[in-house]
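# Structural overview for review
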Amino acid sequence: MMNEMTTARFLEGYRAEFLEDIMKLVRIPSVSDPAAKGPYPFGESCARVLDTALDLGKSMGFETENHEYHCGSILMPGTGRGEIGIFAHLDVVPEGTGWKNPPYSPYVEDGWLYGRGSSDNKGPAMAALYAMRYLKESGVKLRHRVRLFLGCSEENGMHDIAYFLEHFPAPDISFTPDASFSVCYSEKGIMEADFTAPLPEGVISFTAGVASNAVAASACAVLANPAARVPAVDSSVWPGISLCQEGDCLRVEAVGQSSHAAFPGEAVNAGAELAAYLCAGGFLTKEGARILSFPAECFRKHYGEGLGIFYESPQLGRLTAVCGMIRTEDNRLKLNINIRYPAEMDEKEMSRQIAARSEHYGWKRTKERNDPPSYVSPDSPLVKALDKACKDRLGPSFEPYTMGGGTYARKLPNAVAFGPGIRGQKKPGPEGHGGGHQPDECVKLEVLENAFHIYVQAIMAVDTL
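Analysis parameters
Residues numbered from 1 in each chain as written. Predicted model: local features only at pLDDT ≥ 70, side-chain atom pairs only at ≥ 80, totals over all residues. Heavy atoms only, no water. Helix = DSSP H or I, 4+ residues; strand = E, 2+ residues; numbered from the N terminus. Buried < 20%, exposed > 50% of the residue type's maximum accessible area, 1.4 Å probe, protein only. Pairing = 2+ DSSP bridges. Axes fitted to C-alpha atoms, helices over the stretch in contact; angles between N-to-C directions. Parallel < 35°, antiparallel > 145°, perpendicular 65-115°, else oblique. Left-handed = near helix turned anticlockwise from the far one by under 90°. Contact = heavy atoms within 4.5 Å. Nonpolar A, V, L, I, M, F, W, Y, C, P; charged D, E, K, R; others polar. Phe/Tyr/Trp six-rings, centres within 6.5 Å; stacked < 30°, edge-to-face > 60°. Arc of directions from axis to C-beta.

The subject of this paragraph is the environment of Gly-82. With respect to the helices and strands, Gly-82 occurs in the loop between strand E2 (71-76) and strand E3 (83-89). Gly-82 sits 157 residues away from Pro-239 along the chain, and the two C-alpha atoms are 57 Å apart.

As structure tokens, this is what we get:
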């Protein structure tokens, strides 16, 4: 293994450049658009961020490949056969609202780098690239070729890695720097489903959320004026609800607390809160209340209780169930849910139960997508090698784990998610801010620097397997 002082001296010399390279990527609003037309399958911003990252790889002397703008690769040759894959992504979730500063104007404050994509996943991608740069400039000869994959659609369907695997063989061993340390050896299955129902009488529009894989932070409904005056809101019961008269209409808004759908924790779903308020406030007909009771009763809690699918495994964790988005289209309501379920569950029975529950409220399922869970034995050589690289740097308290997040690892053979986040690390700012899918997304610079050191050791350790 490399002397840690050697990697420390390298990073000291490149620290400012390392930070600026991350910021170059964060400045680009690379929200993936699968409906984009023309030469850029996920939109011009995703094409621009990929070009920028590949140019960084070229400037460091690496060979690069642009895979028709679906994704790209930065390659470091090996002396023998085989390939190690490091799978990162450059696309980001929509910025949403509630930012202290503009989301694509990165800045450092008190040792934290702020900006959309700083932690998910542009900062970690650059930590991996600089680990490769260190090995290259140090003259380390690896048996395996190393491929840093840079995706453009991870947050919106993973069409990028599907394209890659259609055209190229998967690496022999892979990890993705898109989780927390130590090693995530199992990812829950991900089931998404779309539902539709008639727009309740008196409701002109209902909108909540910005992404399937995030708890809705805000929601708004416009009602045909149900009263001569705006009713009072009991803020002790409905702390996030506000009302405003708009001509002959009543605008009802809800503010919640967002989080990633895989880790809802104490998040507050604004769409579910708004639906619950409308049902309780006498604004709706009996049938309208039945329809909006679906999000109100099934998604104010995040663990499937209202759907009748609550499940918890001692080893693989709890199921989570989030209503990510509600929209009004063609005089109907459309609703999207995102469920993360442990590997032991029977997904067919779960799907049947969800459909039956939605029909009880007057909703019809129109689409369902299922991404099966992934699992690599925690006793495998890959998990043990990566776990050791983590512990050598961060100490013995970090252990392999399972999670509800979905990464590229679930699409690849012999692959796991590996850092660089620190589970339980308190973000600066108020609750609901600082996380990967939240306003004021940020990452501690120390976390990225530790990741650089760990990835150097991890690549060399995996090369011996």
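Let us keep going from here.
Of the two faces of strand E7 (residues 173-176), the one lined by Ile-173 and Phe-175 and the one lined by Ser-174 and Thr-176 are each fully buried. Pairing of E3 with E7 involves three bridges; the strand directions are parallel. Counted as the bridge partner of Gly-85 is Ser-174 from E7. Judged from the three bridges that link them, E7 and strand E22 (residues 415-418) form a sheet pairing that is parallel. By the bridge assignment for E22, Ser-174 is matched with Ala-415.

On to the packing of helix H3 (residues 118-137) against helix H9 (residues 445-463), then. Axis separation between H3 and H9 bottoms out at 8 Å; the angle between their running directions is 50°. Between H3 and H9, the angle is such that the two are oblique. For the pair H3 and H9, the sense of crossing is right-handed. Only Leu-448, Ala-451, Phe-452, Tyr-455, Val-456, Ile-459 and Met-460 of H9 make contact with H3, whose side of the interface consists of Gly-123, Pro-124, Ala-127, Ala-128, Tyr-130, Ala-131, Met-132, Tyr-134 and Leu-135. For the contact of H3 with H9, the per-class residue count stands at 15 nonpolar, one polar and no charged.

This brings us to the packing of helix H8 (residues 381-394) against H9. It is the contact of H8 with H9, at a shortest axis distance of 9 Å, that shows an interaxial angle of 145°. As for the relative orientation of H8 and H9, their crossing is right-handed in sense. Here Leu-382, Ala-385, Leu-386, Ala-389, Cys-390, Arg-393 and Leu-394 of H8 come into contact with H9, specifically with Asn-450, His-453, Ile-454, Gln-457, Ala-458, Ala-461 and Val-462. Across the contact of H8 with H9, the residue classes break down as 10 nonpolar, three polar and one charged.

For the coordinates displayed, the defined rule picks out 26 aromatic pairs. Taken together, a centroid distance of 5.6 Å and an interplanar angle of 15° make the contact between Phe-10 and Phe-452 stacked. One end of the pair, Phe-10, is in helix H1 (residues 4-26); the other, Phe-452, is in helix H9, and 442 residues separate them in sequence. What makes Phe-452 buried here is its relative accessible area of 0%.

Time to look at helix H4 (residues 159-167). Spacing of three or four residues puts side chains on the same side of an α-helix, whose turn is 3.6 residues. When we look at burial in H4, the residues that qualify are Asp-160, Ile-161, Tyr-163 and Phe-164. For H4, the angular spread of buried residues about the axis comes to 155°, placing them on one side. Against strand E1 (63-67), E2, E3 and strand E6 (145-151) lie the buried residues of H4.

Strands sit in the order E4-E5-E24 across an open sheet of three strands; the sheet is antiparallel. Here the strands that pair on one side only, and so sit at the sheet edges, are strand E4 (107-109) and strand E24 (442-444). The sheet shows a mean angle of 25° between the axes of neighbouring strands, taken without regard to direction. For E4 and strand E5 (residues 112-114), the ladder comprises three bridges, and the chain directions are antiparallel. For Val-108, the partnering residue across the bridge sits in E5 and is Leu-113. H3 rests against E5 and E24 of the sheet, and its axis sits at about 50° to E24.

Take it as geometry only, folks, not as evidence of what the structure does.
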